[in-house]
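Chain by chain, the residues run as shown.
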Amino acid sequence: MIYRSFICALLLFVAPAAAFLQSDASQRASSGGSALRMAAAEEGAPAVGRRDFFAGAAALGLGAGLMDALPAAAAPAPAKEAALKGYGDRLRRIARTLDELQRDIFNEDWEFVATYPATFRAFVPVFTRYTDARFEGEGEADRQSRVALRYEVGRLFGAVERLKRAAEKKDPREAQAAFAQISVAYDRYLKAGYLYDAYDPVTSTEKFFADVPDSALRFAPPAADPPKIKDLVLLTAGPDKGKTGTLIGLEETLGSKGEKKKSGIVKLDNTIGRVSKIREIKVVPYAIVAKRLDTEGERDAVFSIKK
């Protein structure tokens, strides 16, 4: 407040000074113009325009510093919200593209699979603009959010390049692995960027199965009949127990003690969102992913999407 009061006082000083300087210069050229300015000054209302003000400020050596001190105008909130909504809507549409890619990879339709890398690359500026607009602040939280989102975008497009090479070689396993990586990175970007337009209020389904024996759930024991990519599966433990989906990938990581940890990447059947209807991706211990036994004649929903 003290700083702002100082600026206001400075403006009050500079404006009359500008009028005086301009008046003095005009007096040497025209006595009539000087008389008019002096008359205005005597009435307490100096005729100082925008040009006069900055001329006076420059004469006193204050122009650049004074303007730097004034805060920049903030972008209108409605315009920002409209832009974010537009970027967000476009990014959510990638979910449909991923469904179609899953269908084409599982069908080994390489002519179509080869077209997807270019489709994904067209979204690079959309990812960039959404990230920078959604978390534009210089606070620690916004900085960390930007880093997290950019990391997932990097992972996503690294996997897109892997998909491109797999399509050129017509390599099913590589294409499946690339698709799984793209799906995980995309899902994490949506979550970190608050792009799911709804969230599942149930944080854990285990409580619903507290009194239900595992024998009541129809699945093949994972140790005896481990699920493979493309299989329709059931999660047998954890906060998503009882949920069904499709196994779209496998990954191995190292634990804190250097031990290998195998995870299954599952695309859940249920969708999230009031409008977008996006299928969530879960990376879970492979040991709790089981092949369903009640799936005769059933296929993943992506196969019903027409080309």
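Look up: the structure comes first, before these words.
Everything numeric in this text was worked out from a predicted model, so none of it was measured.

Novice: Account for the pattern of salt bridges, with residues named and values stated.
Specialist: Following the criterion strictly, the structure yields 27 salt bridges and no others. As a salt-bridge pair, Lys-267 and Asp-99 come within 2.5 Å of each other at their nearest N and O atoms. Pair noted here: Lys-267 is in strand S3 (residues 260-272) and Asp-99 is in helix H6 (residues 94-106), with a separation of 168 residues, a long-range link. Take Asp-99: its relative accessible area is 16%, and that puts it in the buried class.

Novice: Now, about the sheet that holds S3: what can you tell me, with residues and values included?
Specialist: Strand order in the open sheet formed by 5 strands is S4-S3-S2-S1-S5, with antiparallel pairing between adjacent strands. Strand pairing shows two members of the sheet lacking a second neighbour, strand S4 (278-285) and strand S5 (289-291), which therefore form its edges. Direction aside, neighbouring strands of the sheet carry axes that sit 40° apart on average. The pairing of S3 with S4 spans 7 bridges and is antiparallel. Within S4, the residue paired with Gly-264 across the bridge is Val-284. Docked against the sheet, H6 engages strand S2 (244-254), S3 and S4, running at close to 85° with respect to S2.

Novice: Which residues make up H6, and what are the values?
Specialist: Its 13 residues give H6 an end-to-end C-alpha distance of 18 Å, which sits within 8% of 18 Å, the value for a rise of 1.5 Å per residue. Judged by how many residues are buried, H6 sits mostly within the fold: 11 of 13 residues are covered. Every buried residue of H6 is listed here: Ile-94, Ala-95, Thr-97, Leu-98, Asp-99, Leu-101, Gln-102, Arg-103, Asp-104, Ile-105 and Phe-106. Glu-108 lies just past H6 and shows a positive phi near 55°.

The rules behind the values
- Residues numbered from 1 in each chain as written.
- Predicted model: local features only at pLDDT ≥ 70, side-chain atom pairs only at ≥ 80, totals over all residues.
- Heavy atoms only, no water.
- Salt bridge = Lys/Arg side-chain N within 4 Å of Asp/Glu carboxyl O.
- Helix = DSSP H or I, 4+ residues; strand = E, 2+ residues; numbered from the N terminus.
- Buried < 20%, exposed > 50% of the residue type's maximum accessible area, 1.4 Å probe, protein only.
- Pairing = 2+ DSSP bridges.
- Axes fitted to C-alpha atoms, helices over the stretch in contact; angles between N-to-C directions.
- Contact = heavy atoms within 4.5 Å.
- Expected span 1.5 Å × (residues − 1).

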